[in-house]
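Commentary on secondary and tertiary structure
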Amino acid sequence: MEKTIYIRMRNRVQAEPEEKVLLKDAAQIIAPEAIRPILETMMIHQLTQKDRNIVVIDVMKVIELITNKFGDLEVQTIGPAQTIIEVTFKKKGVSIPFFLLIWILLFFGSAMTIMNFHDDVSMQSVHEKIYTIITGEKDTKPLLFQIPYSIGLGLGMILFFNHVFKKRLNEEPSPLEVEMFNYQMDLDNYVIIHENKESMKRLNDND
């Protein structure tokens, strides 16, 4: 009979406050059929109020729990060495006045950004010159170019962010999603190093 247990820790797990985190929640398990149900229901952490919203489970703790119970079996780990347990609390309802305030701030902030950019690059002058070159006439308000340009600017933003409200245009991630993913990875690495008590140790620490 195969006497090896394979463990692959998950990167992130969401759990509710005071919940018991089982091994099957924090990791993928390959083990002999006789002991797999026992492993899956093995509790590796009990969430408490002291844990706040982030807990890091180190794979060494998991190996220690398994070897204490099944000392004759070999444990092999694959993938990440830690799992981040994110404690999720009940979300409060969205305040309509607060939502409208944020929407107005974003709308006017974006509008000011676009207008300031166009003023910096003299977009008005560029449109006038293009209009004069094509038509041979001078117009200080070449709406023939400005209106299609404004529509194209909006469509370009939709294509760039790959979303129309909540609907995706295709499966390719948008640049914003890639940046958010990179930010999340950096945040996870920070949490793993600073929240994991086993990741750093002082030489004069007697604990």
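Our subject is the structure listed above.
All values derive from a computational prediction rather than experimental measurement. (Residues numbered from 1 in each chain as written. Predicted model: local features only at pLDDT ≥ 70, side-chain atom pairs only at ≥ 80, totals over all residues. Heavy atoms only, no water.)

Pairing within the open sheet is mixed, and its three strands lie in the order E2-E8-E6. Two strands close off the open sheet at either side, each with one partner strand: strand E2 (12-15) and strand E6 (54-58). Averaged over all pairs of adjacent strands, the angle between their axes in this sheet comes to 25 degrees, without regard to strand direction. Bridge analysis of E2 against strand E8 (residues 82-87) gives four bridges, and the strand direction is parallel. Following the sheet pairing, Gln-14 is matched in E8 by Glu-86. Lying on the sheet, helix H7 (residues 175-195) is in contact with E2, E6 and E8; it crosses E6 at an angle near 70 degrees. (Pairing = 2+ DSSP bridges. Helix = DSSP H or I, 4+ residues; strand = E, 2+ residues; numbered from the N terminus. Axes fitted to C-alpha atoms, helices over the stretch in contact; angles between N-to-C directions. Contact = heavy atoms within 4.5 Å.)

Here the focus is the packing of aromatic side chains. Scanning the model with the defined rule gives three aromatic pairs in all. Each ring, one from Trp-103 and one from Phe-107, has its centre 5.4 Å from the other, and the planes form 10 degrees; the classification is stacked. Of the two residues, Trp-103 and Phe-107 both sit in helix H4 (residues 96-120), four residues apart, roughly one turn of that helix. Ring centres of Phe-107 and Phe-108 lie 5.3 Å apart, and the angle between their planes is 90 degrees; on these two criteria the pair is classed as edge-to-face. The exposure class assigned to Phe-107 is partly exposed, which follows from its relative accessible area of 46%. Relative accessible area serves as the criterion here: at 52%, Phe-108 is assigned to the exposed category. Taken together, the aromatic side chains of Trp-103, Phe-107 and Phe-108 make up a single cluster linked through ring pairs. (Phe/Tyr/Trp six-rings, centres within 6.5 Å; stacked < 30°, edge-to-face > 60°. Buried < 20%, exposed > 50% of the residue type's maximum accessible area, 1.4 Å probe, protein only.)

Across the sheet, three strands lie side by side as E4-E1-E7; this open sheet has mixed pairing. One side of each edge strand has no neighbouring strand; the edge strands of this open sheet are strand E4 (27-30) and strand E7 (74-78). Pairwise comparison of adjacent strand axes, ignoring direction, gives a mean angle of 25 degrees for this sheet. Looking at chain direction, strand E1 (residues 4-9) and E4 are connected through four bridges and run antiparallel.

Our next topic: H4. Over its 25 residues, H4 runs 36 Å from end to end, which matches the ideal 36 Å to within 8%, given 1.5 Å per residue. Downstream of H4 by one or two residues, Ser-122 has phi in the positive range, about 55 degrees. (Expected span 1.5 Å × (residues − 1).)

Right, let's get into the pairing of E6. By the criterion of burial, E6 is predominantly enclosed, with four of the five residues buried. One ladder, built from five bridges, connects E6 with E8; its direction is antiparallel. What sits directly across from Ile-54, in E8, is Glu-86.

Keep in mind these numbers describe shape, not what the thing actually does.
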